[in-house]
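Structural overview
This is what each chain is made of:
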Amino acid sequence: MDTQLAVLGGGPGGYAAAFLAADLGMQVVLVDREARLGGVCLLRGCIPSKALLHVAKGMAEARHLADWGVRFGQPQIDLAAMRARKAKVIDTLTGGLKQLAAKRKVQLVRARATFESSQLLRLEPVDGQPLPDDRLHFQHCILAAGSVPTTIPGLTLDCPRVMDSTAALELPDVPESLLVVGGGYIGLELGTVYAALGSRVTVVEMTDGLLPGVDRDLVRPLHKALEKQFAAIHLNTKVAALKDLGHSIEAVFDGPVQPKTQRFGRVLVAVGRRPNSSNLGLENTRVSLDAKGFVQVDAQRRTTDPHIFAIGDVAGEPMLAHKATHEGKAAVEALAGHPVEFRPRAIPAVVFTDPEIAWAGLTELQAKQQGRKIETAVFPWGASGRAQAAGRTEGLTKWIFDPQSQRVLGCGIVGAGAGELIAEAVLAIELGCHLRDLAETIHPHPTLSESLGIAAELPLGMATDIFRPKR
Ligand code: NAD
């Protein structure tokens, strides 16, 4: 087989690249070992987890109504129905992608692909599916092979009670107790789901705080809320050993936890992901990897091999679907000769817990590391009418800005719906808005989106709802 553009990987980076390339008139073959398009994000990541978090949110809101005098009975949970509903969401979306690929004449090939050279992929059948050819020759390839979960050496038990995120999303049952190893994105999101469904969730995190690297002002309210949702959160703690007792798993903790040995119905290991760059035959190309295994790319997502581009998780942090999509489009436009570069000022990140945490652009920590002078403006949601009306006053909205120019450089939000609210901040940072632009932008009342405008008013001394004594 011969093609102008081969795309290796059918996730949000790969299919976005393939579709745009086809729209620009290129001949495209997309290779993925999965039977369906969508990658980890759609098939066993972002989308199924959000479907389950939707359920958790509904249940939590129903519980919160007790504060308003409305009480419901104990929820009746039909796990089979929940799994079926989740499967339907995935089927609809992946079916839609298949149709879009067909309409654009993107040829889909299900195979395990490895590079034989800078312009040749070897294709091996998956599940005995016949292949049109066992070699795919290309002019260019966009590598979008994603990432895989990291494992802890010595802690992988060949036992279904010890799950990675894929297994946990299958929702095999609601264990009486769940140990979550890793207080990052996945551990906290899936911990939230299982806690809502009724598991006693214990989180073990090896560093001194949940979501390492994330602004502590944002993490603090979440930590407080999770202490109520989870049975326990153990920081500065690792799991030294896991033992399969048949009906449960025994975990031995290394850290300030008592008792040191505890039993759990199931264990979820979510200690990070690593780029899927080994076993691809990249040594047969001129592609170079960095020390962590990420493919090295330039601002157009060209690798050190002139025939190969790389995008998404395999090409560097942050490992987020929306970053992959934008990189994919930049790579295709570069290939088409357009003067593009992937140089965002702000890549939003969202942790879909309850409350949500979202941030974009420069963080205080990064500013400190760069020795860059910044100021912050923080609006606590206790002063928001909408937050009061919804009983969600734990949130806060924080701008990070340049004190000299008053341009906004970064934003962090913790609170209900933070993941949706951050989009305005991303646009403001990308457009180089000043505090005054945000303060003068009329936000609808009463909404939580007002918090972005009010936070910007604070340093200008214009905020109505917060008293600032005269200097
Ligand atoms: P993560 O990097 O977010 O968190 C892993 C956590 O595990 C860290 O806090 C780390 O300190 C801890 N850890 C590592 N080794 C440990 C050990 N031995 N014992 C205890 N704790 C340990 O990784 P993740 O949660 O596995 O998620 C992987 C990636 O998937 C994320 O980096 C993110 O890019 C992506 N993701 C994104 C979203 C989202 O956008 N909402 C959701 C899920 C996953």
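Residues numbered from 1 in each chain as written. Predicted model: local features only at pLDDT ≥ 70, side-chain atom pairs only at ≥ 80, totals over all residues. Heavy atoms only, no water.

Describing the site of the ligand
- Close contacts around the ligand come from 24 residues, with Ile186, Glu205, Gly272, Met319 and Val350 the closest.
- Residue glutamate 205 places a side-chain N or O atom 2.5 Å away from an oxygen atom belonging to the ligand.
- Relative to its unbound accessible surface of 840 Å², the ligand loses 81% to contact with the protein.
- For the shell around the ligand, the residue count by class is 13 nonpolar, seven polar and four charged. (Near = heavy atom within 4 Å. Polar contact = N/O pair within 3.5 Å; in protein donor to acceptor, adjacent residues only side chain to side chain. Areas by Shrake-Rupley, 256 points an atom, 1.4 Å probe, with all protein chains shown as cover. Nonpolar A, V, L, I, M, F, W, Y, C, P; charged D, E, K, R; others polar.)

Some points on the sheet that holds strand S18 (residues 349-351)
- Spatial strand order, S18-S19-S22-S21-S20: five strands in an open sheet with antiparallel pairing. Only two strands of the sheet have a single partner each, and these edge strands are S18 and strand S20 (375-380). Strand-to-strand twist of the sheet, defined as the mean angle between neighbouring strand axes without regard to direction, takes the value 10°.
- Here six bridges tie strand S21 (residues 396-401) to strand S22 (residues 408-415), and the two strands are oriented antiparallel to one another. Across the sheet, residue threonine 397 finds its bridge partner in S22, namely isoleucine 413.
- In the packing of helix H6 (residues 185-197) onto the sheet, the strands contacted are S18 and strand S19 (356-361), and the crossing angle to S18 comes to about 40°. (Pairing = 2+ DSSP bridges. Helix = DSSP H or I, 4+ residues; strand = E, 2+ residues; numbered from the N terminus. Axes fitted to C-alpha atoms, helices over the stretch in contact; angles between N-to-C directions. Contact = heavy atoms within 4.5 Å.)

Concerning a nonpolar patch on the surface
- Taken together, the side chains of Leu65, Trp68, Val70 and Phe72 make up a nonpolar region of the molecular surface, amounting to roughly 410 Å² of accessible area.
- Summarising the element assignment, valine 70 is placed in the loop between helix H3 (46-64) and helix H4 (79-103). (Patch = residues over 30% accessible without salt bridge, like charges linked within 9 Å, V, L, I, M, F, W, Y side chains within 5 Å. Salt bridge = Lys/Arg side-chain N within 4 Å of Asp/Glu carboxyl O.)

Regarding the domain arrangement of the protein
- Taken domain by domain, the protein holds domain 1 (2-149 + 274-335), domain 2 (162-271) and domain 3 (349-460).
- Computed over C-alpha atoms, the centres of domain 1 and domain 3 are 31 Å apart.
- Counting residues at the interface gives six residues for domain 1 and eight residues for domain 3.
- In total, about 450 Å² of surface goes out of reach between domain 1 and domain 3, with carbon and sulfur atoms giving 66% of it.
- For the pair domain 1 and domain 3, the interface holds zero salt bridges.
- Taken together, the residues of the side of domain 1 that touches domain 3 break down into four nonpolar, one polar and one charged. (Domains from an automatic or database assignment. Buried area = accessible area lost by both parts, 1.4 Å probe.)

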